[in-house]
Amino acid sequence: MDETRDATAPDPELVLPDYDGGSLVNLMSSITTALADGSPYPTLAALPPETLAAARHVLLFVVDGLGSAFLTRQGGPLRRCMRAELTSVFPSTTASAIPTFLTGLAPQQHGLTGWHMYFREIGAIIAPLPFRLRTGRQALRDAGVSPGSLFGLTPLFARLTRAGHIVSPQNIVHSDFNVALAGPAQRYGYDGLEEMFAVLADLLRRPATSYIHAYWPRLDSLAHEHGVDSTEVVDAFNALNASFTRLIESARDSVIVVTADHGFIDSPPGETIDLDDHPALRATLLLPLCGEARAAYAYVRAGRETEFEAYLAAELADRVRVFRSASLVRDGWFGPGQAHPALGDRVGDYLLLPRGRAILRDWLRGEVRHTHLGVHGGASAAEMRVPLVVAVRS
């Protein structure tokens, strides 16, 4: 069941990243061209570097989970300032998009490809953002491993020609991951929406030029728990909208850019494909499924590829697309250009891409079996398309 042809052939159900000029990678190219030492990627036509370079302050505000479809349904000042629709990176997940924001690189180059990743370098499956082992959730620092040594990435903030600032929730602003990819940027923690906007307003009033990266995860956490159009999510968005209006009014000589790492779909419990129900498929795997529930990497035992493909064709063809991972690297799903030397190890032998609203679960023994109603990571339009909101204040 080799669907490598689908990696390049049109498929109305799949939205792939537009790395030629319409993705988060190109947004970061405009920023790094204006404020740092350039970029190997095309810049974003909807936001020329000249617009950014001329401002005293540039604020990139990442609203985790704010898909453009949701923003369009809600309206308000954020919608009125929406300049364009972008695609996320692949997979459409925080674990791949945040490294793009913090390094300026596509996943093809930064090599971080999902919430759970196999790192051959340490012989383990880890969650890169909390920087801990999947099994037992032990912090990797306890094993003497740091994000700097494992990822080998240069922070965007180390390349800036102006002061850098990171504004993030108090519980993660000084995490191992953030410290490593903040580089020389000054970090500010906050508790709650009001405090975050107070910090941003203060930074935008300072006389020295700056680049500010702000991150708000509340929409994402609420959408996971309650669903993307739930009352809880809409109420949180309305509060964000009101605070955004006040921030624009107080800013001077600034460009405020709001975007997201991904959008969302809802996946009801009946859409879950649990490998507990497919022991014959699990038996063909060398490692547990990695990546995301909406985009899973399969590491198949040597000599059992035919058995793996045959099972999926017979039992799950109507629910899961199957691609050879090497074809996706070759065809640019993770970005253009030379691949990270470990990318092949990190995307397994196959990508399993659930159809419709389905998700894949492969639980480990002793793992807490959480449930999410809102999900992301796949290549549907709702997951992949994110807004570009721009407010320019002279």
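Residues numbered from 1 in each chain as written. Predicted model: local features only at pLDDT ≥ 70, side-chain atom pairs only at ≥ 80, totals over all residues. Heavy atoms only, no water.

K.L.:
Any chance you could explain the environment of His 116 here in plain terms?
P.N.:
Among the secondary structure elements, His 116 is positioned in the loop between α6 (107-110) and β3 (117-119). Note on His 116: relative accessible area 16%, which makes it buried. Considered as a pair, His 116 and Ala 293 are 177 residues apart in the sequence and their alpha carbons are 9.8 Å apart. For His 116, the contacting residues outside a window of four places in its chain are Ile 125, Ile 126, Ala 127, Arg 134, Cys 290, Gly 291 and Glu 367. (Helix = DSSP H or I, 4+ residues; strand = E, 2+ residues; numbered from the N terminus. Buried < 20%, exposed > 50% of the residue type's maximum accessible area, 1.4 Å probe, protein only. Contact = heavy atoms within 4.5 Å.)

K.L.:
What am I meant to see in the packing of helix α1 (residues 24-35) against helix α5 (residues 94-103) here?
P.N.:
Helices that pack against each other are described as a pair by the angle of their axes relative to one another and the distance between those axes. Look at α1 against α5: their axes get within 9 Å of each other, and the N-to-C directions meet at 15°. Looking at the two axes, α1 sits roughly parallel to α5. Judged by the twist between their axes, the crossing of α1 over α5 is right-handed. Contact residues: α1 offers Leu 24, Val 25 and Met 28, while α5 offers Ala 97, Thr 100 and Phe 101. For the contact of α1 with α5, the per-class residue count stands at five nonpolar, one polar and no charged. (Axes fitted to C-alpha atoms, helices over the stretch in contact; angles between N-to-C directions. Parallel < 35°, antiparallel > 145°, perpendicular 65-115°, else oblique. Left-handed = near helix turned anticlockwise from the far one by under 90°. Nonpolar A, V, L, I, M, F, W, Y, C, P; charged D, E, K, R; others polar.)

K.L.:
Which parts of the structure should I look at to understand the packing of aromatic side chains?
P.N.:
For any two aromatic rings, the description comes down to two numbers: the centre-to-centre distance and the angle of the planes. On inspection of all chains with the given rule, the structure shows 11 aromatic pairs. Taking the centre distance of 5.4 Å and the plane angle of 85° together, the rings of Phe 70 and Phe 237 count as edge-to-face. On the criterion of sequence distance, the pair formed by Phe 70 in helix α3 (residues 68-74) and Phe 237 in helix α11 (residues 231-250) is long-range, its members being 167 residues apart. For Phe 70, a relative accessible area of 4% gives the class buried. Relative to Phe 151, the ring of Phe 119 has its centre 6.0 Å away and its plane inclined at 40°; by these criteria the two rings are tilted. (Phe/Tyr/Trp six-rings, centres within 6.5 Å; stacked < 30°, edge-to-face > 60°.)

K.L.:
Explanation requested: the pairing of strand β1 (residues 57-63) in the structure shown.
P.N.:
Consecutive side chains of a regular strand alternate in pointing toward one face of the sheet and then the other. Where burial is concerned, most of β1 is hidden: seven out of the seven residues are buried. Burial of β1 is two-sided: the residues His 57, Leu 59, Phe 61 and Val 63 facing one way and the residues Val 58, Leu 60 and Val 62 facing the other way are all buried. In the sheet, β1 pairs with strand β8 (residues 210-216) via seven bridges, with the strands oriented parallel. Paired with Leu 60 across the bridge in β8 is His 213. Looking at chain direction, β1 and strand β9 (residues 254-259) are connected through six bridges and run parallel. Bridge assignment links Val 58 to a residue of β9, and that residue is Val 255. (Pairing = 2+ DSSP bridges.)

K.L.:
What should I look at first to understand the packing of helix α9 (residues 193-204) against α11 in this one?
P.N.:
Direction vectors running N to C along α9 and α11 enclose 15°, while the axes themselves pass 10 Å from each other. With respect to their mutual orientation, α9 and α11 come out roughly parallel. Judged by the twist between their axes, the crossing of α9 over α11 is right-handed. Of α11, the residues touching α9 (which contributes Leu 193, Phe 197, Leu 200, Ala 201 and Leu 204) are Ala 239, Leu 240, Ser 243, Phe 244, Leu 247 and Ser 250. For the contact of α9 with α11, the residue count by class is nine nonpolar, two polar and no charged.

K.L.:
Got a minute to help me understand the sheet that holds strand β4 (residues 124-127) in this structure?
P.N.:
Remark on secondary structure: sheet strands pair via backbone hydrogen bonds, oriented parallel or antiparallel. With antiparallel pairing, three strands are arranged side by side in an open sheet as β3-β4-β5. Edge strands, defined here as strands with exactly one partner in the open sheet, are β3 and β5 (132-133). Bridge count for β3 against β4 is three bridges, and the pairing is antiparallel. Looking at β4, one finds that Met 117 is bridged to Ile 126.

K.L.:
For this particular structure, what's the right way to read the nonpolar core?
P.N.:
Considering soluble globular proteins, one finds that nonpolar side chains tend to be buried as a cluster. Core analysis: the biggest nonpolar cluster contains 112 residues, and Leu 27, Phe 61, Val 167, Tyr 211, Trp 216 and Ile 256 have the highest contact counts within it. Discounting chain neighbours no more than four positions away, the residues touching Ile 256 are Leu 59, Leu 204, Phe 244, Leu 247, Ile 248, Ala 251, Val 389, Val 390 and Ala 391. Counting residues in each nonpolar core, the second largest holds 18 residues, with Leu 275, Ala 298, Tyr 311 and Val 320 among its members. (Core = buried A, V, L, I, M, F, W, Y, C linked by side-chain atoms within 4.5 Å.)

K.L.:
Explanation requested: the sheet that holds strand β15 (residues 350-354) in the structure shown.
P.N.:
Taken in spatial order, the four strands line up as β12-β13-β15-β14 in an open sheet, and their pairing is antiparallel. Both outer strands of the open sheet, β12 (290-292) and β14 (320-324), are each paired with one neighbouring strand and no more. The sheet shows a mean angle of 20° between the axes of neighbouring strands, direction not considered. In this sheet, strand β13 (residues 295-298) lies alongside β12 in antiparallel orientation, the contact comprising three bridges. In the sheet register, Gly 291 faces β13, and the bridge partner there is Ala 296. Strands in contact with helix α13 (residues 305-316) are β13, β14 and β15; relative to β15, the strand with the most contacts, it is inclined by about 10°.

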